[in-house]
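# Remarks on the overall topology
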2 protein chains.
Amino acid sequence: MKRSLGHIEYKDDTETLAKFAKALGHPTRIAILKHLESQSCCFTGDLVDVFPLAQSTISQHLKELKNAGLIQGELKPPKIKYCINQENWNIAKSLFQDFFK
Amino acid sequence: MKRSLGHIEYKDDTETLAKFAKALGHPTRIAILKHLESQSCCFTGDLVDVFPLAQSTISQHLKELKNAGLIQGELKPPKIKYCINQENWNIAKSLFQDFFK
DNA sequence: CAAGCCCATCGTAATTTTACGATAATAAAT
DNA sequence: ATTTATTATCGTAAAATTACGATGGGCTTG
């Protein structure tokens, strides 16, 4: 990208909403989150069984959801249990609600 | 991308929600839509004045929002008036609502 | 018909995303 | 201490995204 202006400054809510939306902007990640909602929690391996994707790809999607704050991982050796991050989930929820008025 | 499986088939709602989310996944596009909500409608030129971005860049963002179905353009020569596509907007709204339960 | 205004599109470049296989890391169990 | 199970990370490659300037097309006005 040719960026003449480095960063454009948007309002915090705008940036945050875009960040959440971006994380939701892939069908696999939507499906993962739906799965997490229905199961409340699950392990990486469960998802690898459900989706026809490489384990590393699933892991990458989980990483993005985690970076966006939508999920969190809890160590349950040798597995990792992923759950919705309820706090940020609620923030996202109200940002989207406000956005759609 | 190395795609061994061509396309993964997700449920329609999942694909649609991801498509809307992807379109919302950039702060400039969020800001454009907020602007459109407050003004109800506006011209491309108005946005070029508001955002420190090249006219072609604004146009490209508008194109993506249009492709996602979130906005529509009406010819008002020599300008083009952009508005929220209310029908799809409502679809997006309820998809996000359902998603966040 | 020419000139001007507004906007989309083209061509281009840097960056990011998406995906894979292979490898490394971590903790438990043997 | 070695093995096993599970998951993250690395290296890589193709494609998509984001941005710019320049060009072109459509419509109105002179």
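Up top is the structure these notes are about.
Being a predicted model, the structure only gives us computed values, none of them experimental.

## Quick word on the relation of the copies chain B and chain A
By a simple turn and slide, chain B fits onto chain A: the slide is 0.0 Å along the axis, the RMSD is 0.0 Å, and the turn is 180°. What the rotation and shift describe, once combined, is the action of a two-fold rotation axis. For chain B, the minimum C-alpha distance to the rotation axis belongs to B:A21 and amounts to 2.4 Å. An overlap of 100% is found between the interface residues of chain B and their copies at the interface of chain A, pointing to a shared contact surface.

## Focus: the environment of A:D49
With respect to the secondary-structure elements, A:D49 resides in helix α3 (residues 44-50). Placed 43 residues apart in sequence, A:D49 and A:A92 show a C-alpha to C-alpha distance of 28 Å.

## A short note on the packing of helix α1 (residues 12-23) of chain A against helix α2 (residues 27-39) of chain B
The geometry of α1(A) relative to α2(B) is characterised by a closest axis approach of 8 Å and an angle of 120° between their N-to-C directions. In terms of axis orientation, α1(A) runs oblique to α2(B). Crossing hand, α1(A) versus α2(B): right-handed. Contacts between α1(A) and α2(B) involve A:D13, A:T14, A:E15, A:L17 and A:A18 from the former and B:P27, B:I30, B:A31 and B:K34 from the latter. In the contact of α1(A) with α2(B), the residues fall into 5 nonpolar, 1 polar and 3 charged.

## Concerning the pairing of strand β2 (residues 71-76) of chain A
Residues and elements named next belong to chain A. As judged from the 6 bridges shared by β2 and strand β3 (residues 79-84), these two strands associate in the antiparallel manner. In the strand pairing of β3, K76 is matched with K79. In this antiparallel pair of consecutive strands, β2 and β3, the connection spans 2 residues.

## Remarks on the side chain of A:T28
Mapping A:T28 onto the fold places it in helix α2 (residues 27-39). Taking the relative accessible area as the measure of exposure, A:T28 reaches 2% and is therefore buried. When sequence neighbours within four positions are dropped, the list of residues in contact with A:T28 reads A:F51, A:L53, A:H61 and B:Y10.

## Notes on the pattern of salt bridges
What the rule picks out here adds up to 4 salt bridges over all chains. One salt bridge connects A:E74 with A:K81, and the closest N-O pair in it is separated by 3.8 Å. In this structure A:E74 comes out as partly exposed when scored by relative accessible area, which is 38%. Of the charged contacts in the structure, one is a salt bridge between B:E64 and B:R29, with a shortest N-O distance of 3.7 Å. One end of the pair, B:E64, is in helix α4 (residues 55-67); the other, B:R29, is in helix α2, with 35 residues separating them in the sequence. Overall, the relative accessible area of 7% leaves B:R29 in the buried class.

The rules behind each value
- Residues numbered from 1 in each chain as written.
- Chains lettered and ligands numbered in written order.
- Predicted model: local features only at pLDDT ≥ 70, side-chain atom pairs only at ≥ 80, totals over all residues.
- Heavy atoms only, no water.
- Least-squares fit on C-alpha atoms with pLDDT ≥ 70 in both.
- Contact = heavy atoms within 4.5 Å.
- Helix = DSSP H or I, 4+ residues; strand = E, 2+ residues; numbered from the N terminus.
- Axes fitted to C-alpha atoms, helices over the stretch in contact; angles between N-to-C directions.
- Parallel < 35°, antiparallel > 145°, perpendicular 65-115°, else oblique.
- Left-handed = near helix turned anticlockwise from the far one by under 90°.
- Nonpolar A, V, L, I, M, F, W, Y, C, P; charged D, E, K, R; others polar.
- Pairing = 2+ DSSP bridges.
- Buried < 20%, exposed > 50% of the residue type's maximum accessible area, 1.4 Å probe, protein only.
- Salt bridge = Lys/Arg side-chain N within 4 Å of Asp/Glu carboxyl O.

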